[in-house]
Number of protein chains: 2
Amino acid sequence: MTKTTFSINIERLNNRIQKLGEVGALQGGGVCRLALSEEDRLGRDLVRSWMEDLGLDVTVDRIGNIIGIREGRQALPPVMTGSHIDTVRTGGLYDGNLGVLAGLEVIACLNDLGLETERPVAVGIFTNEEGARFAPDMMGSLVYVGGLDLDEALETTGIDGKSVGDCLSEIGYAGKAHVGSPEVHAFLELHVEQGPVLEEEGVMIGAVNKVQGISWTEFTIKGVSNHAGTTPMRLRRDAGYVAMETGQFARKLAKRMGGDQVATVGAFKLTPNLVNVVPNQAIFTVDLRNTNNEKLLEAEQELFAFVEEIAAAEGVSVSRRELARFDPVDFDDGLVGRVAGWAEHLGYSVKTMPSGAGHDAQMLARVCPTAMVFVPSENGISHNIKEYTAPEEIERGANILLNLMIELAQEKRSFS
Amino acid sequence: MTKTTFSINIERLNNRIQKLGEVGALQGGGVCRLALSEEDRLGRDLVRSWMEDLGLDVTVDRIGNIIGIREGRQALPPVMTGSHIDTVRTGGLYDGNLGVLAGLEVIACLNDLGLETERPVAVGIFTNEEGARFAPDMMGSLVYVGGLDLDEALETTGIDGKSVGDCLSEIGYAGKAHVGSPEVHAFLELHVEQGPVLEEEGVMIGAVNKVQGISWTEFTIKGVSNHAGTTPMRLRRDAGYVAMETGQFARKLAKRMGGDQVATVGAFKLTPNLVNVVPNQAIFTVDLRNTNNEKLLEAEQELFAFVEEIAAAEGVSVSRRELARFDPVDFDDGLVGRVAGWAEHLGYSVKTMPSGAGHDAQMLARVCPTAMVFVPSENGISHNIKEYTAPEEIERGANILLNLMIELAQEKRSFS
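Only a predicted model underlies this, so the values are computations on that prediction, with no experimental measurement involved.

A. The arrangement of the overall build of chain A in detail. Looking only at helices and strands, chain A has twelve helices and 16 strands in total. For a compact globule of 416 residues, the expected C-alpha radius of gyration is about 22 Å, and chain A comes in at 23 Å, within 12% of that figure. Each of the three principal axes of chain A carries a C-alpha extent, and together these read 85 × 50 × 40 Å. Within chain A, buried positions represent 60% of all 416 residues. Across chain A, contacts joining residues at least 24 apart in sequence account for 80% of those joining residues at least 6 apart. On chain A, roughly 15600 Å² of surface is accessible, and the fraction owed to carbon and sulfur atoms is 46%.

See the structure below:
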C-alpha cells in the first residue's frame with residue numbers, strides 16, 4: 001500500500017519561528033521570555049493571535065495553558081501536539097517554540113488541504129516548562145495530567161517572590177477553563193535534541209522512546225581546616241580531597257555502567273578556598289541520569305556508598321540532600337515505532353533514542369500514548385543564544401509530525 | 001662538665017603576650033594587626049616602649065624593621081633573635097609575637113642576672129612577615145639579607161592600593177637606619193609550630209633543621225560547556241573532571257612520595273558552576289612542599305605531566321601559572337644540634353623536624369648560622385583566633401632560647 005504523504009511549508013514555519021524570536025530578543029541573538037513575564041505575555045499574545053487566525057477554538061485554563069482545537073468530524077478526544085514558549089534567561093529560538101509553531105504549521109497545512117479529520121487536532125502551549133522562574137519545571141503539563149495540585153502550583157513563588165497565580169492575573173492568562181481538558185487521544189512533541197548525538201552520528205531524526213530519570217544530589221563534606229605546609233598528609237581531614245575523589249568516581253561509574261548512564265559534577269565550592277589552607281568544607285553536586293530506574297538506583301547506591309567509605313577513611317563527615325529526583329519515563333512503543341516508520345517512509349535517517357532533558361511530553365505520557373520527534377541541535381548547544389537547527393532539518397521533523405498527526409487524527413478507535 | 005642553666009620568667013613573658021594581644025583584639029579572641037596598619041603601629045609602639053624600658057638601643061631601618069641591641073663587652077656582631085608582630089586578618093596571639101616577646105624576656109633575664117655578655121644581644125621585629133596585606137611575605141627580613149631591593153619593597157602596593165613606603169611614613173616607622181645592619185653572629189627564632197606534629201607525637205620541643213620549599217601552581221582548564229543530560233559521556237570535554245582527577249592525583253602523589261612531601265588543593269572554582277551543566281572552565285591551585293628541592297622538582301614534574309596527559313585525553317586545554325616558588329632552606333646543623341642538646345639538657349623531649357611554614361629565620365639563614373625552636377600548637381591550629389600554646393610549653397621553648405642565646409653571646413670566635 002502506498003501511503004499518501006503531505007509536506008509542511010518550511011518558509012511559513014520558519015517565518016513564525018523568527019517572528020516569535022523577536023519577542024524578548026536579546027542583543028546578539030537569542031531570547032529571554034521567562035515564564036509569566038511581560039515578554040512571555042507578548043509571546044503568548046502573538047501565538048494566540050496566530051491560533052485564532054488559523055480558526056482554532058482557543059481556551060486558556062486555570063494554570064495558563066493555552067489549548068487551540070481544530071474540530072474533527074466526531075467529538076472524540078483530539079490528537080494533540082505542542083510544547084512551551086517560555087525560555088531560560090539566555091534562551092534560543094527553538095527550544096519549545098519549535099514544538100508549538102510546528103503544531104500551528106500542521107493546522108495550517110490541514111486548512112490548506114481542506115482536510116477534515118475524524119478526530120479534532122489540538123495544539124497546546126504549556127505554562128512554565130523551563131522552571132527558570134518558578135519550580136518545578138514542566139509545571140503546566142504536570143498540572144494538566146494531575147501530577148501537581150492546581151492550588152499548590154498557583155501559590156508557588158518564583159525567584160522574584162511573586163506567585164504563579166498573581167503573575168497569571170497580571171499578564172491576563174489566568175484562564176477559566178478546567179485544567180486537564182480535553183482528554184487526549186495521543187500526544188506528539190517535536191523538539192530540538194539539545195544534545196550532540198544526532199549531529200555527531202549524522203542522523204536526521206530521533207524517534208524518542210524514553211526520557212532519562214534524573215537524580216540530583218548535593219553533598220556537603222565537613223573536615224578540618226589546616227595549614228597546607230605544616231600538616232602532614234597522614235593527619236589531614238581534607239574535605240576537598242573527598243569531594244574530588246567522589247567527583248572522579250562518579251565520572252568513572254558512568255563510564256563503567258555504560259549505556260545511557262551519565263554523571264556530572266557541575267557545582268563545586270570549597271571553604272575557605274585559599275591556596276595554602278586544607279579545605280574544611282566542600283559542597284558539590286552530582287547529576288546522575290539513566291533511562292532505566294533500576295540502573296539509576298544502582299548508580300545512586302554505588303555513589304552514596306563510595307562517598308561514605310572515602311569520608312570515613314579521611315575522618316570527615318558527609319551529608320547529602322536530594323535536589324531533584326524524577327523517575328525515567330517510557331514513551332508508547334507503538335507510537336515511537338510509527339515516528340521511526342514515517343521517518344523511513346519519508347527517506348530520513350532515524351535513530352531511536354532517549355531524551356536527556358525533560359519535556360512536556362513526559363507528563364502527557366502519564367495519560368495518553370505519547371512520543372517525541374527530535375531534530376539535530378548544531379554543536380549540541382541549547383539553553384544558549386547560539387542554539388540553532390537549520391530549516392531543512394526542521395522541515396524533516398515537521399513533516400513527520402504532520403503525517404503522523406493526520407494518520408492519528410483519522411483513527412476512530414482509541415488506543416487500548 | 002655541668003652547664004649552668006638559666007630560667008625565664010613565664011609570668012612576665014605571658015603578661016607581655018596578653019598585653020600585646022589586646023592591641024587590635026578581635027571579638028571572641030585573636031587579633032588583627034595587618035602590616036603597617038594603625039593596629040600594627042600601636043603594637044610596634046608598645047613593644048618599642050618595652051625595648052626601651054629594658055635599656056635596649058633601638059633603631060628603625062628604612063623598611064621599618066625595629067632592632068633593639070643590648071651591648072656586649074666587645075663590638076662584635078650580635079647574637080640575634082626575633083620574629084614579627086604583624087598578623088593575618090584573623091590571627092592568634094602567638095604566631096610571630098612569641099618570638100619577639102621571648103627575645104625581650106631573654107633581655108629581661110640578662111638584666112636581672114646583671115650578666116655581661118661578650119657579644120651584643122639583639123632582638124629584631126621584622127616588617128610584614130605575614131604578607132596578608134603586601135606581597136611578598138617575609139618582606140622585612142628578605143630586604144634585611146639583601147634578597148629584595150629596598151626601593152622595590154617600598155613601592156609595593158597592598159590589597160588596599162597603598163604602598164609600603166607611604167604606609168611606613170603614615171605610621172611613623174619609615175626609619176633612617178641602613179637595612180641589613182648590624183651584621184649577625186647567629187640567629188635564633190622561637191615560634192609556635194602551627195602544625196599538629198609535636199602535639200600528636202607528645203613531644204615538647206621541635207629543633208627545626210629545614211624549611212620546606214614551596215611550589216604554588218594555579219591551573220586553568222578550559223573545556224566545553226554542555227547539557228548534563230543530553231551529552232553522552234564519550235562526547236564530553238569536562239574541565240571540572242580534569243581538575244578533580246588532577247587534584248586527587250596530587251594527593252596520592254604526596255602519599256606515594258612519602259617523607260615530608262605534602263600536596264594541597266586549597267582553591268577550586270568551576271564555571272558556570274551549575275548542577276546540570278558540564279563545566280567549561282576549572283581554575284584550581286596545587287600547593288606542593290618538600291624540604292628537598294630535587295624531590296619538589298620531581299613532584300612538580302609528575303603533576304604537570306599528569307595534568308597534560310589527562311587534559312589531552314579529555315580534549316581540554318590546560319595552562320598553568322606559578323604563584324610562588326621558594327627553594328627549601330637548610331638551617332645550620334651545628335646550631336640545630338645545640339637546640340636539641342639544650343632541650344635534652346633541660347629534660348625536654350625534642351624532635352628534629354622541618355618547618356612547613358615560612359619564617360623570618362629562613363631569610364636570616366642566608367647570612368648567618370640560624371636555627372629555630374618550635375613549641376606545640378594546640379590542635380595544630382594557627383592563623384586562627386583559636387591559636388593557642390600553653391604557658392608551660394612556651395616556658396620550655398623560651399628557656400632553650402635563653403640558655404642558647406647566652407652561650408652564643410659568650411663566644412668570641414665567629415662561625416667559620
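Once the structure has been displayed, the description carries forward.
B. View of the packing of helix 3 (residues 97–113) of chain A against helix 12 (residues 391–409) of chain A. All names here are of chain A. Where helix 3 contacts helix 12, the axes come no closer than 10 Å and their chain directions differ by 55°. Taken together, the axes of helix 3 and helix 12 lie oblique to each other. Here the hand of the crossing between helix 3 and helix 12 comes out right-handed. Between helix 3 and helix 12, the residues in contact are Leu 98, Ala 102, Gly 103, Val 106, Cys 109 and Leu 110 and Ile 394, Ala 398, Leu 401, Leu 402, Met 405 and Ile 406, respectively.

C. Here's a closer look at the confidence of the model for chain A. Scored by pLDDT, chain A comes out at a mean of 96, with 99% of its residues at no less than 70. At the level of chain-chain contacts, confidence expressed as ipTM amounts to 0.85, with global pTM at 0.85.

D. Highlighting the nonpolar core. Leu 13, Val 47, Ile 63, Leu 101, Leu 104, Tyr 144 and Leu 188 of chain A are the most contacted members of the largest nonpolar core, which has 99 residues in total. Those residues in contact with Ile 63 of chain A that sit more than four places away from it in its chain are Thr 127, Met 139, Gly 140, Val 143, Leu 150, Ala 153, Leu 154, Val 164, Leu 168 and Val 179 of chain A.

E. Representation of the interface of chain A and chain B in the model. Chain A puts 54 residues into the contact, and the matching count from chain B is 55 residues. Buried surface at the junction of chain A and chain B, summed over both partners, amounts to about 4500 Å²; 60% is from carbon and sulfur atoms. When the buried surface of chain A facing chain B is broken down by residue, Met 233, Arg 251 and Val 275 of chain A rank first, second and third, together holding 17% of it. Scanning the region where chain A abuts chain B turns up six salt bridges. Note that Arg 234 of chain B and Glu 201 of chain A form a salt bridge whose closest N and O atoms lie 3.2 Å from each other. Where chain A touches chain B, the interface holds 16 residue pairs in polar contact (both at pLDDT 80 or more). Those elements giving two or more residues to the side of chain A that touches chain B turn out to be helix 7 (197–201), strand 8 (226–227), helix 8 (239–257), strand 9 (262–264), strand 10 (268–271), strand 11 (277–278) and strand 12 (281–290) of chain A. It is helix 8 of chain A that contributes the most residues to the side of chain A that touches chain B, ten residues altogether.

Conventions adopted
- Residues numbered from 1 in each chain as written.
- Chains lettered and ligands numbered in written order.
- Predicted model: local features only at pLDDT ≥ 70, side-chain atom pairs only at ≥ 80, totals over all residues.
- Heavy atoms only, no water.
- Helix = DSSP H or I, 4+ residues; strand = E, 2+ residues; numbered from the N terminus.
- Rg over C-alpha atoms; globule rule 2.2 N^0.38 Å.
- Buried < 20%, exposed > 50% of the residue type's maximum accessible area, 1.4 Å probe, protein only.
- Contact = heavy atoms within 4.5 Å.
- Areas by Shrake-Rupley, 256 points an atom, 1.4 Å probe, with all protein chains shown as cover.
- Axes fitted to C-alpha atoms, helices over the stretch in contact; angles between N-to-C directions.
- Parallel < 35°, antiparallel > 145°, perpendicular 65-115°, else oblique.
- Left-handed = near helix turned anticlockwise from the far one by under 90°.
- pLDDT = per-residue confidence, 0-100.
- Core = buried A, V, L, I, M, F, W, Y, C linked by side-chain atoms within 4.5 Å.
- Buried area = accessible area lost by both parts, 1.4 Å probe.
- Salt bridge = Lys/Arg side-chain N within 4 Å of Asp/Glu carboxyl O.
- Polar contact = N/O pair within 3.5 Å; in protein donor to acceptor, adjacent residues only side chain to side chain.

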